[in-house]
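Residue strings, one per chain:
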Amino acid sequence: MAASIRSYCCSRLIKSKLFRLCYDNEIKRLFSTSYQLNSIRVRFAPSPTGGLHLGGLRTALYNFLFAKSRNGSFLLRIEDTDQTRIVPGTADHLQEILDWAGIIPDEGPSQGGDFGPYVQSERLQVYNDNIKTLLDNGWAYPCFCTSRRLELMRKEAAQKGEPSKYDNRCRHLSGDQIQEFLDKNTPFVIRLKLEPTTEPWTDLIKGQVSHDIYNIEGDPVLMKSDGYPTYHFANVVDDHYMGITHVLRGSEWISSTPKHILLYKAFGWSPPSFGHLPLIVNPDGSKLSKRQGDVNVQEMRDFDHFPESVLSYVTSIGGGFTESTQGMSLQDMCEAFDLSLVRKQTGRLDPLRLKESAIHNLQKKAYSGDPLEIKALTGRLRDHVYEAYKDSLGDDCLQDHIRDEDYLIDVIRWGLKDQRVTVLRDFVHSDLSYLWKTPSKSQVLELVAMEADAESILRKCLHWMNTEKMHDKGHNLEEVSGSLKSIIAQEKFKSKPFFQFVRKALTGDVQGPPVAEMISVLGRRNVILRLQTALELISQEKNAR
């Protein structure tokens, strides 16, 4: 009977044209041999069903850190057997995000390796061969129950307030009954025969764990009717043939571990060591979602966070270190990582930690003293300015600022004082547009209609700027503030219109940042040019009347 089931499964799956790969003799040898590798081998195995969120990045990072801290290998495997949930392009995007973070696989779809393919939909022959093993040794059986019957069972269980579980009906079919279903071409799945799982296992993070699934679940599906394996089956088969020694994954999979250990037993294989990382949840305790922008790694990248900031943020939640990773490079993290220090309890996100990490890394780069680091930083800011003000590139002031390397780094360092900014992208926010653009003619001429003192105030400020001995690239904020107050007192100007008029000449708006702050960052030369331009426009307007 087992032989006939095996033969039928093989022929049916081949006829479905799911297998399009040609395996040469070497690949067949690799797949049929149980490898006992001495080195640590771990994997990150995401499903291409959406963007990578912080929980997924944490899993990838901790696998990478564990492997590299022990001179092991880190593999990337794409688990795409649930064809109904695949989002096109996501697999490539996942690899791109890992590259951005510096978490580079030693083996994977892009890197290749001796244990590929590393995409599950390209490994269907492997699963087909191994399901035949379980059918042959009696650990698996075909189930012909219809989806309607299974749905009725679920509804009945729900009405009784009981957990939904398969009743293992087809486990007890006779050989003749099975043959009868096969002769009718009845659709079927392949299920694993569960047995009690009372023996505990030692989790690398949580310690001794036991979970008896026999009394909770019915026999689980290993191969679906479409010829694709379920997560549980493909996961175990791939980990075995890829020589995975340690499985580090989220706590949501801990209840599946007895099932996986049972599968290893069914094959006669030795299971890897398992470690289940605690869940990461939102500040309010709710579950993370791939659709959440604030936990989506791509969103953080687009917002201009440095990868070091995001990685430090993740480790601040999950632990694994004797000290804060803020300011650490990925290499530093690899050397300092200790799996025994990973926290066991659920970790809540705290956006303030990300902000602190972002500011710390921006400050570290801005004051590094490394010319290449500074050039990369100013180049990145320049790109943001170009993108934000591409419609104003004819503005000579804007062009001057973009080209002036010293001005760009001065702006960055100024922005870091009192935490005015968190990331470089903040510098092109509308509130800071005065850093890059001069006021328009129409904005300046609005001064003419405001008060007669406007021109007088601007001339006094220009005189002060021309006579004060200040550095062209920026001034001490306290000195600027003191000088402005002195002008107001000596000339008996009213404070409110004074600051409004000067701000209008410098930025085009009467409201905004403190004038002293703007002057300190714009620098003497830029302030003089803007005041001169404003006075010339006002004079031309008056003469034209």
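Throughout this document, residue positions are counted from 1 along each chain, in the order its sequence is written. Reporting of local features is limited, given that this is a predicted model, to residues whose pLDDT is at least 70; pairs of side-chain atoms are given and counted only at 80 or more, and all residues count toward the totals for whole chains, interfaces and linings. In computing side-chain values, all of the structure's heavy atoms are included and hydrogens and water are not.

Enquirer: Requested: an account of the overall build of the protein chain, with residues and values cited.
Expert: Segments assigned H or I by DSSP are reported as helices when at least four residues long, segments assigned E as strands when at least two residues long, and all are numbered from the N terminus. When its secondary structure is counted, the protein chain shows 22 helices and 11 strands. Only protein chains enter the area calculation, which uses a 1.4 Å probe; residues under 20% of their type maximum are buried, those over 50% are exposed, and those in between are partly exposed. Out of the 545 residues belonging to the protein chain, those deemed buried represent 52%. The contact definition used throughout considers only heavy atoms, calling two residues in contact when any of these lie within 4.5 Å. Of all intrachain contacts in the protein chain linking residues separated by at least 6 positions in sequence, the fraction that spans at least 24 positions is 77%. Put simply, the protein chain shows about 26300 Å² of open surface, and 48% of that area lies on carbon and sulfur atoms. Each accessible area is a Shrake-Rupley result for a 1.4 Å probe, and residues are judged covered by the shown protein chains and nothing else.

Enquirer: Got a sec to walk through the sheet that holds strand β4 (residues 189-192)? Specific residues and values, please.
Expert: For two strands to pair, DSSP has to find at least two bridges joining them. Pairing within the open sheet is antiparallel, and its 3 strands lie in the order β3-β4-β7. At either end of the open sheet lies a strand with only one pairing partner, and these are β3 (140-143) and β7 (221-223). Pairwise comparison of adjacent strand axes, ignoring direction, gives a mean angle of 45° for this sheet. Relative to β7, β4 is paired through 2 bridges, and the arrangement is antiparallel. Paired with R191 across the strands is V221, a residue of β7. Every axis corresponds to a line fitted to the C-alpha atoms, with the helix fit spanning only the stretch in contact, and the corresponding angles, defined between N-to-C directions, vary from 0 to 180 degrees.

Enquirer: Can you explain unusual backbone geometry? Please cite residues and give values.
Expert: The step from G116 to P117 runs through a cis peptide bond, and the omega angle for that step is 0°. Here P117 shows up in the loop between α4 (90-101) and α5 (124-137). Despite not being glycine, N185 has its phi angle at roughly 55°, a positive value. Note on placement: N185 falls in the loop between α7 (175-183) and β4. With a phi angle near 55°, K492 is a residue other than glycine that sits in the positive phi range. Tracing the backbone shows K492 in the loop between α19 (477-491) and α20 (495-507). Judged by relative accessible area, K492 falls into the exposed class, the value being 75%.

Enquirer: Which residues make up the nonpolar core, and what are the values?
Expert: Of all hydrophobic cores here, the largest spans 60 residues; its most connected members are I412, F427, L435 and W436. With sequence-adjacent residues up to four places away left out, I412 is seen in contact with L362, A366, L377, T378, L381, L424 and F427. Judged by nonpolar contacts, the second largest core, of 48 residues, contains V126, L135, W139 and A140. Definition of nonpolar core: a set of buried residues of the types Ala, Val, Leu, Ile, Met, Phe, Trp, Tyr and Cys, connected through side-chain atoms within 4.5 Å.

Enquirer: Which residues make up the environment of G112, and what are the values?
Expert: Turning to its location among the elements, G112 is positioned in the loop between α4 and α5. Here G112 falls in the partly exposed class, since its relative accessible area comes to 25%. Through-space distance from the C-alpha of G112 to that of L76 is 9.8 Å; in sequence the pair is 36 residues apart. Once residues lying within four places of it in the same chain are set aside, the contact partners of G112 are D106, E107 and Y118.

Enquirer: Explain helix α6 (residues 147-160) residue by residue, including any values.
Expert: What a helix should span is 1.5 Å times the count of its residues minus one. The first and last C-alpha atoms of α6 sit 20 Å apart over 14 residues, in line with the 20 Å expected at 1.5 Å per residue. By the burial criterion, the buried members of α6 are R149, L150, M153 and A157. With its buried residues spanning 100° around the axis, α6 presents them on a single face. In this structure, α6 carries S147, R148, A158 and Q159 as exposed residues pointing more than 90 degrees from its buried face. Along its buried surface, α6 packs onto β4. Once α6 finishes, G161 follows within two positions and takes phi at roughly 70°, a positive value. Here the arc refers to the set of directions running from the helix axis out to each C-beta atom.

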